[in-house]
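For reference, the chains in residue letters:
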2 protein chains.
Amino acid sequence: MPDSQAPITVTTGPLPASRRVYVDGTLNGVRVPMREITLHPTAKEPPVMVYDTSGPFTDPDQSIDIEAGVPRIREPWIRARKDVEDYPGREVKPEDNGNVSERHLAREFPEKHSPLRALSGKRPTQLEYARAGIITEEMEYIAIRENLGRSETMPAGDRDNGEGFGAHIPDFITPEFVRSEVAAGRAIIPANINHPEAEPMIIGRNFLVKINANIGNSAVSSSIAEEVDKMVWAIRWGADTIMDLSTGRNIHNTREWIIRNSPVPVGTVPIYQALEKVGGVAEDLTWEIFRDTLIEQAEQGVDYFTIHAGVRLPYIPLTAKRVTGIVSRGGSIMAKWCLAHHKESFLYEHFEEICEIMAAYDVSFSLGDGLRPGSIADANDAAQFAELKTLGELTEVAWKHGCQVMVEGPGHVPMHKIKENMDKQLEACHGAPFYTLGPLTTDIAPGYDHITSGIGAAMIGWFGTAMLCYVTPKEHLGLPNRNDVKEGVITYKIAAHAADLAKGHPTAKARDDALSRARFEFRWEDQFNLSLDPERAREFHDQTLPKEAHKTAHFCSMCGPKFCSMAISQEIRDFAKLQNDNGESIEDAQAGMQEMSAEFKKKGSEIYLETKD
Amino acid sequence: MPDSQAPITVTTGPLPASRRVYVDGTLNGVRVPMREITLHPTAKEPPVMVYDTSGPFTDPDQSIDIEAGVPRIREPWIRARKDVEDYPGREVKPEDNGNVSERHLAREFPEKHSPLRALSGKRPTQLEYARAGIITEEMEYIAIRENLGRSETMPAGDRDNGEGFGAHIPDFITPEFVRSEVAAGRAIIPANINHPEAEPMIIGRNFLVKINANIGNSAVSSSIAEEVDKMVWAIRWGADTIMDLSTGRNIHNTREWIIRNSPVPVGTVPIYQALEKVGGVAEDLTWEIFRDTLIEQAEQGVDYFTIHAGVRLPYIPLTAKRVTGIVSRGGSIMAKWCLAHHKESFLYEHFEEICEIMAAYDVSFSLGDGLRPGSIADANDAAQFAELKTLGELTEVAWKHGCQVMVEGPGHVPMHKIKENMDKQLEACHGAPFYTLGPLTTDIAPGYDHITSGIGAAMIGWFGTAMLCYVTPKEHLGLPNRNDVKEGVITYKIAAHAADLAKGHPTAKARDDALSRARFEFRWEDQFNLSLDPERAREFHDQTLPKEAHKTAHFCSMCGPKFCSMAISQEIRDFAKLQNDNGESIEDAQAGMQEMSAEFKKKGSEIYLETKD
C-alpha cells in the first residue's frame, strides 16, 4: 500500500465558537480539558461547558506533530507509583505486519519508547489502587471531567432526576466516588501503562454514557494515513474510545501510529492479529501465538482487549439452528478452532494466564460476546445466555487477578427484548459495566443501521449500558469512510445523550436547555454552535435561507416571515405578566389576560420583526 | 411562481425485484394492492409480500396521467350506499389562492368533479357504518391489506408475541375485527367521500403502525410540481398518509393537484389557509372564515383535519414560563386570537358545528396538540396535560356526532417521560388512536432530528401510538427537499416496523427473517431487494466491492475473503448434524462434535469460496 508512505494529515482546529479550556486538579499536574461554547452577548448566559474527547487536535495553542504523537500526560503519574519497570520489550517480528515485503511494509512510527511492565509481584491497575483506597491522578481527572468543570457549590442547573433503573448518579462526582465505583467493579478506567497519551475517562453506569468508534484497515482497503485521520475525525465528533479492528497486513505498524496519536483509550481484538499470524487458518492458532500477540499489543499500549473466552465448545451446538449462526468474527474463529480440534477454547483454558499478562500492563478486559445474535430471530437465545453466564464467571476470575472488566453485549434485539439483556447482564456479571453493539431493533434496513441500532442503543443506555459501540450506515454492506464514521459517531452521541437525560445525569439537561433557549430567542448562531454538528446545522439552515440577515431573523423557513409560533410565544411571555403561570386559579389568570389583551392590541399586535430583505 | 406552469413529472416504476400484485376481496370490486418481492431461485423461498403505499405509480400496467389524477376506486362504493348527493359546491374564491394575480396563479387541475355531501339527516362516516354493524368495502380492503394477503389458514410465520402494553392484535385480521375496532373508536379509516382516489387504510393500535409525511409549499419556496413529486416520492418509500401544510399563495390549487393524484389519505391544518385569507393577522380570524375554509377543503376531499380546539384561553398562561412557549403553529394562531379578543377559542365554542360539517363528508378529526412541548424542558407539563384532558372531552363530542377521531401528541420528550404520554392519552381520550410527532428525545442535534425523534417514535409506537408523523433532517432548520423527505420516511418506516416487531404484529417478523436468511446465505441481491431502501443498500455495498462477482461472494468487505464469520457458521450448521441443538445434554452434543471435527478436517476445513478476482 504505497499511499501509506504519504504524509499523514488530520483535521485540526476548534469547532465553531468553541475553545478548549483546562481545569486544574489538586494532584500532580492534573489538568482536565473541556470544550467551552461561547454564546452571543444578547443571551446574557455564561458559556456552555461540554465534554471534550478531541484531544490537542482542537487546541490552536498546541503544536500537532503526527510523527511525534500527542503528549504523554500520564507518564509522570505512572512512574511516580514505583510499581513498574522499563524493559527492552519484545522484538517486532515480520509476522506482526503480515510478513510483507519492504515495498508493502508501512512506515514505522519514528519515535521508539521502551515499554513498561509491572515489577514482579505488583499489579499497577486502577482496580488494585482503588481497592487499596488510593485516589489516583486518573480518578481525580475523571471526577473533574464528569462534572464538566462544575464545582460542588455550583448548581447542576435544572436537574431532572429521570429514571435510573437502579443507577445511582450523585449530584456531584467526587474523586472518592470514582475510586469507590472502580473498587466495586462497577466502572473501569481503561489506561494501559504504555498508553500515557490517553486522557483518563471512565466507563460505568453511574457516569456519563460513553461511545466507541471502530476503525482499522482491512484486507480489502485503506491505509495508515486514512486510519489515523479517521481516529482524529472520530474523536473530534465525540468518540470516547476507538477500537482498531485492522486485519490483513501492517497491523502492528498501523496500530503504533494510532496509539501514539490517540488521546482516547484504544481497544483491539487480539485474535484478529493472531489469526493473520497463522495465515488465516483458525485451526492453526495456538495459545503460544495468542499469548505472544497479547504481549505485543500490551507493550504498544492497547487499553482494552476483547477476549472471546466465553465461546465454549459445548455452546457451539446451540447455534446450529440459528437463522444467522455466529456473527462475531472472534466468536467464529474460536468456534472453528474448537470444532477442528474438538477441544475446549484455549482462551477459556488459559484465562488465568491471560489475566496475569493484562494485570501487568493494566489492560482492561472487554469480555467478548462471541455468540451474540446476528438477527432479530436469534435474540436472547440459549447460546447467547449460556455464554453470558460464563462471562460472569470469568469476570470474577479477572477481578481476583486485579484486572478491570467490562462485558460486551448484542447485537440484534427487538425492543421488547432489550431490557432483559441489561437485567441478565447486571445479575450474571455482578455489576461489571456493559458494553453493547447497538442493538439493532430490526434487520430490514441495511444502509440505515446507524438508525436501527441508535434506537436500541439509546434504550439500553438508559437501562444501564455504560458504553455504546457505534454502528455506521455501512454496517453489513461495506467499510465505513470518513463520512460514515462521523454519521455513526453523531448518531451514537445522540443515543448516549438521550440516555443521560433519561437517567437524570445532573449535567445532561443543561445543554438541551441552552439550545432550546437559543432556538426560542432566534439566536441562530448559538443554536448551530450548541448542536452536536454545528457545520450541518448551519448548512441545512442556509440551504433555505442563505442570507446573513436570516441569522438574526425572527422566523425560519418552516413558517416564513408571515407567521412564526415561537415569535408569538415570546409575545405571550412579554405581555403575560401573570402571577400564576403555574396553573392555579384560572380566574386570576383570566384577569391578567384581560389587561394583556388590551395592552396587546395597543401595541399593534406586532408579532414579528421583519428582516432587511 | 412560473415554474408551477411547467409539466409535472414524478418517479414511477417498480422497486427492484418487486411487482405490484392485487388480492381480490368478496365485496363490490375490492382489489387490494401489495408489493411482492421475488427472491433468488437458490433461496427456495416464496416471494415476500410487503405493505404497499405507492399507488399506481409503481405499476407498469397502469398509465399515469398527473393531469387526470389516479383512479377513483371508491366512487362506486360510496354512491352505492345512497346516503350522499351531488351538488354544485362552493365557488372557488380569489382568497382561496391568496388573491394572486393571473401571472402568479398556479394552473388549476384540469378535471372538475362536483362534490358529494351527506343527504340531510345522513352521516356517511365509517364510524356510523361500523356502529350499524355494516362491513364496508373499505373495511374488507383493510383486513386483506393488514394481513398482507395471507389467508386465515396460512401460518403467520414464526410469530413472536412481543409485549403489547394492552394492545390486542389477533393472529388474523378479519373484516369484522376492522369493523369492531372502528365502532369502538380505537381505529379510524380516513376516507373523505370526495377523495375516492384513496386506497383504504386504517389507523389504530391493534393494526400495523402507520407513518405520515408532511409536504406542502411555503411562503418562501417551492411549487405545485415539486409538491406533487414529493407526495409521489414519499408514498414510494412508504408514507401511509401525507399532510399538505402549504402556506402562502396557491394553497387551493396546490391541494387539488395533490389530492387528485394521491392514493393515500391527505390531511391538512385548515387554520393555516384561514389565516392566509385574513392576511396573516390572527386576530382577524372569524368563525365564518374558518367554517368556509372547512367546507372548501372538505369538498376537495381532505381526509383528516387537524383542529386545535383544545387550546383554551385559560391554558395559555400555563405556557408563559416555558422554555419554548407554544411551538405549534395552529396552537399559537389560536393563542394569539384568544389573547387579542380575550375570548374562548372559536374552535372550542363552535366545536359541534365543526363536527356536523366533518360528518357530512366523513372527514376525520386529528385533534391538534397546540400546546405540545417544544423542548425537553417543557415535556409533560401542566399546559400539555390540561389540553389533553380537553381533547378527551372533545373526542366524546365528535363521537356523538358520528365523526372519526385521532388525537395528536408531542413533540419533544425525554425517554423516561414517553410512556406517561401514551398512558395519559389512552385514559383521557378513551382509546382513540394517538398520532405523535416523534417525539424528539433530545434537543441538541439539529440536522439529525429524524434520528433524535426516530428513537422516541419507535418507543411510543411500541407503547401504542397508531401513527407516527415523520421528522426530517431539516426540522428546525429549513424546508425538506426530496432527499430529506426520503430520509424522513425511511427513518419512520424503521421506527414503525421496530414497534410492530416489539408489539408482536403477526406479519412483522417475516421480513426480518427473510432478509436475515438472505444475509446468512450471501444472497446479496435478496438482501438489497428486501431492504427498505434497495438502492442505498446496493450503492453502499458497491462502494467497497463494486464487481458483479462480489454479488455472489461468500464474504463481505468487513472481513474480506480471508475470513468470514457467516461462512463458518454455515459450516457449523452443515457439519453439525446434532440431535440436540436446543442445549440439552451437552454430552451428546460433544459426541456429535467429535464426528464433526473429524469430518471437518477431512473436508479440508474449507470455510469460504474464493471469487474470481
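Analysis parameters
- Residues numbered from 1 in each chain as written.
- Chains lettered and ligands numbered in written order.
- Predicted model: local features only at pLDDT ≥ 70, side-chain atom pairs only at ≥ 80, totals over all residues.
- Heavy atoms only, no water.
- UniProt positions renumbered as here; feature names shortened; annotations may be inferred.
- Helix = DSSP H or I, 4+ residues; strand = E, 2+ residues; numbered from the N terminus.
- Buried < 20%, exposed > 50% of the residue type's maximum accessible area, 1.4 Å probe, protein only.
- Contact = heavy atoms within 4.5 Å.
- Areas by Shrake-Rupley, 256 points an atom, 1.4 Å probe, with all protein chains shown as cover.
- Core = buried A, V, L, I, M, F, W, Y, C linked by side-chain atoms within 4.5 Å.
- Pairing = 2+ DSSP bridges.
- Axes fitted to C-alpha atoms, helices over the stretch in contact; angles between N-to-C directions.
- Parallel < 35°, antiparallel > 145°, perpendicular 65-115°, else oblique.
- Left-handed = near helix turned anticlockwise from the far one by under 90°.
- Nonpolar A, V, L, I, M, F, W, Y, C, P; charged D, E, K, R; others polar.
- Disulfide = S-S within 2.5 Å.
- Expected span 1.5 Å × (residues − 1).
- Salt bridge = Lys/Arg side-chain N within 4 Å of Asp/Glu carboxyl O.
- Right-handed = clockwise from strand over helix to strand, strands pointing away.
- Phe/Tyr/Trp six-rings, centres within 6.5 Å; stacked < 30°, edge-to-face > 60°.
- Lys NZ or Arg CZ within 6 Å of the ring centre and 35° of its normal.
- pLDDT = per-residue confidence, 0-100.

The name an unreviewed UniProt entry gives chain A is Phosphomethylpyrimidine synthase, with Iodidimonas gelatinilytica as the organism. Recorded in UniProt under Subunit (unreviewed entry), the annotation for chain A is "Homodimer."

Now for the overall build of chain A. Summing up its helical and strand segments, chain A has 20 helices and 15 strands in all. Counting every position in chain A, which comprises 613 residues, the buried fraction comes to 69%. Considering only intrachain contacts with a sequence separation of at least 6, the fraction spanning at least 24 residues in chain A is 76%. Summed over all atoms, the accessible surface of chain A reaches about 19,400 Å², with 52% contributed by carbon and sulfur.

Core analysis: the biggest nonpolar cluster contains 275 residues, and A:Phe365, A:Met415, B:Phe365 and B:Met415 have the highest contact counts within it. Setting aside chain neighbours within four positions, we find A:Met415 in contact with A:Thr441, A:Ile455, A:Met459, B:Ala458, B:Met459, B:Trp462, B:Ala498, B:Ala499 and B:Ala502.

All names here are of chain A. For strand S2 (residues 31–37), a buried count of 6 out of 7 residues is recorded, marking the element as mostly surrounded by other parts of the structure. The hairpin formed by strand S1 (residues 18–24) and S2 contains 6 residues between the paired strands, and Gly-29 there has a positive phi angle of roughly 70 degrees. Here S2 pairs with strand S3 (residues 48–50) via 3 bridges, running antiparallel. Across the sheet, residue Arg-35 finds its bridge partner in S3, namely Val-50.

Take helix H16 (residues 508–520) of chain A next. Because the α-helix completes a turn every 3.6 residues, residues three or four places apart line up on one side. All names here are of chain A. Most of H16 sits inside the fold, with 11 of its 13 residues counted as buried. Those residues of H16 that sit buried are Ala-508, Lys-509, Arg-511, Asp-512, Asp-513, Ala-514, Leu-515, Ser-516, Ala-518, Arg-519 and Phe-520. Phi turns positive one or two residues past the end of H16, at Phe-522, with a value near 55 degrees.

Residues and elements named next belong to chain B. Taken N-terminus to C-terminus, the directions of helix H11 (residues 351–361) and helix H12 (residues 382–400) make an angle of 45 degrees; their axes are 9 Å apart at the nearest point. Here H12 runs oblique to H11, going by the angle between their axes. Read as a crossing pair, H11 and H12 show a hand that is right-handed. Of H12, the residues touching H11 (which contributes Phe-351, Glu-352 and Cys-355) are Leu-394, Val-397, Ala-398 and Lys-400. Tallied by class, the residues present in the contact of H11 with H12 amount to 5 nonpolar, no polar and 2 charged.

Let us now look at the sheet that holds strand S9 (residues 241–244) of chain A. Residue and element names in this part refer to chain A. Read around the closed barrel, the 8 strands follow the order S8-S9-S10-S11-S12-S13-S14-S15; overall the barrel is parallel. Ignoring which end each strand starts from, the neighbouring axes of this sheet average 25 degrees apart. Each of strand S8 (210–215) and strand S15 (467–469) is contacted by helix H15 (residues 482–503), which is oriented at about 160 degrees to S8, the strand it contacts most.

All names here are of chain B. Under the criterion given, the structure shown has 0 disulfides over all chains. Unpaired in terms of disulfides, Cys-355 finds its nearest cysteine sulfur in Cys-403, a separation of 4.7 Å. Exposure remark for Cys-355: the relative accessible area of 0% places this residue in the buried category.

Right, let's talk about helix H8 (residues 287–300) of chain A for a bit. Residues and elements named next belong to chain A. With 14 residues, H8 should reach 20 Å at 1.5 Å per residue; the first-to-last C-alpha distance of 20 Å fits that figure. Most of H8 is tucked away, with 11 of its 14 residues classed as buried. Residues of H8 that are buried make contact with helix H6 (251–260), strand S10 (266–268), helix H7 (270–277), strand S11 (304–307), helix H10 (346–349) and helix H11 (351–361).

Before going further, it helps to examine the sheet that holds strand S9 (residues 241–244) of chain B. All names here are of chain B. Ordered by their spatial adjacency, 8 strands build a closed barrel running S8-S9-S10-S11-S12-S13-S14-S15, and the pairing between neighbours is parallel. With strand direction ignored, the average angle separating the axes of adjacent strands in the sheet is 25 degrees. Taken together, the 2 bridges between strand S10 (residues 266–268) and strand S11 (residues 304–307) define a ladder with parallel strand orientation. Looking across to S11, one finds that Gly-267 is bridged to Tyr-304. Sheet contacts for helix H8 (residues 287–300): S10 and S11; angle to S11, the most-contacted strand, approximately 160 degrees.

Residue and element names in this part refer to chain B. Here Val-269 shows up in the loop between S10 and helix H7 (270–277). Residue classification places Val-269 among the buried positions, given a relative accessible area of 7%. C-alpha separation for the pair Val-269 and Lys-93, spaced 176 residues apart in sequence, amounts to 19 Å. Apart from residues lying up to four places away in sequence, Val-269 is in contact with Met-243, Leu-245, Thr-306 and His-308.

Residue and element names in this part refer to chain B. Position of Ala-213 among the secondary structure elements: in strand S8 (residues 210–215). Between the C-alpha atoms of Ala-213 and Gly-488, which are 275 residues apart in sequence, the distance is 7.8 Å. If sequence neighbours within four positions are ignored, Ala-213 has contacts with Ala-234, Ala-239, Thr-241, Ile-242, Met-243, Tyr-470 and Val-489.

Turning next to the pattern of salt bridges. All names here are of chain A. Evaluated as defined, the whole model comprises 98 salt bridges over all chains. The salt bridge involving Glu-138 is made with Arg-81; its shortest N-O contact spans 2.4 Å. Placement of the pair is Glu-138 in helix H3 (residues 137–146) and Arg-81 in the loop between helix H1 (75–80) and strand S4 (84–86), with a sequence separation of 57 residues. Here Arg-81 falls in the partly exposed class, since its relative accessible area comes to 22%. One network of salt bridges, in which partners are shared, links Arg-72, Glu-75, Arg-79, Asp-86, Glu-197, Glu-256 and Arg-260.

Moving on, we come to the side chain of A:Ser453. As for its position among the elements, A:Ser453 is in helix H14 (residues 449–463). Leave out the neighbours within four places in its chain, and A:Ser453 touches A:Gly438, A:Pro439, A:Leu440, A:Val471 and A:Tyr492.

Once that is clear, we can look at the UniProt feature "binding site: Zn(2+)" (unreviewed entry) in chain A. Residue and element names in this part refer to chain A. UniProt's feature table lists "binding site: Zn(2+)" (unreviewed entry) at His-412 and His-476, given in the numbering used throughout. Sequence-wise these annotated residues cover 65 residues; spatially they are packed, their C-alpha atoms never more than 12.2 Å apart. Residue position: His-412 is located in the loop between strand S13 (405–409) and helix H13 (418–428). With relative accessibility at 6%, the residue His-412 sits in the buried group. Here His-476 shows up in the loop between S15 and H15.

What follows deals with the packing of H14(A) against H15(A). Residue and element names in this part refer to chain A. For the pair H14 and H15, the least separation of the axes is 8 Å and the interaxial angle reads 25 degrees. Considering their axes alone, H14 and H15 lie roughly parallel with respect to each other. Helix-helix and strand crossings are classified by hand; for H14 and H15 the assignment is right-handed. Every residue of H15 that contacts H14 at His-450, Ser-453, Gly-454, Ala-457, Ala-458, Gly-461 and Trp-462 is listed here: Glu-487, Thr-491, Tyr-492, Ala-495, Ala-499, Ala-502 and Lys-503. Taken together, the residues that form the contact of H14 with H15 break down as 7 nonpolar, 5 polar and 2 charged.

A few words now on the pairing of S13(A). Residue and element names in this part refer to chain A. Extensive coverage of S13 is indicated by the burial of 5 of its 5 residues. Here S13 shows two buried faces, one formed by Val-405, Val-407 and Gly-409 and the other by Met-406 and Glu-408. Direction of pairing for strand S12 (residues 364–367) relative to S13: parallel, over a ladder of 3 bridges. Among the inter-strand pairings, Ser-366 is bridged to a residue of S13, identified as Met-406. Tracing the backbone out of S12, into helix H12 (residues 382–400) and back to the parallel element S13 gives a crossover that is right-handed. In this fold, the crossover linking S13 to strand S14 (residues 434–437) by way of H13 has right-handed handedness.

Moving on, we come to the packing of aromatic side chains. Under the definition given, this model contains 26 aromatic pairs over all chains. Taking 5.6 Å as the distance between ring centres and 50 degrees as the angle between the ring planes, the aromatic pair formed by B:Phe177 and B:Phe207 counts as tilted. With B:Phe177 in helix H4 (residues 175–183) and B:Phe207 in the loop between strand S7 (203–204) and S8, the pair connects residues that are 30 residues apart, well separated along the chain. Under the relative-accessibility criterion, B:Phe177 is labelled buried at 17%. Here a set of aromatic residues connected by ring pairs shows up, and it is made of A:Trp287, A:Phe290, A:Trp337 and A:Phe346. Geometry around A:Trp237 places A:Lys486 over its ring, the cationic atom sitting 4.0 Å from the centre.

Our focus in this paragraph is the confidence of the model for chain A. Residue and element names in this part refer to chain A. On average, residues of chain A score 90 in pLDDT, and 88% of them reach the 70 mark or higher. Note on residues 577–590: pLDDT under 50 across the span, and 19 contacts to partners over four residues away in sequence or across chains. Residue range residues 603–613 is modelled with pLDDT below 50. Its contacts to residues more than four positions away, or to other chains, number 22 contacts. Per the prediction output, this complex has pTM 0.94; the corresponding ipTM is 0.93.

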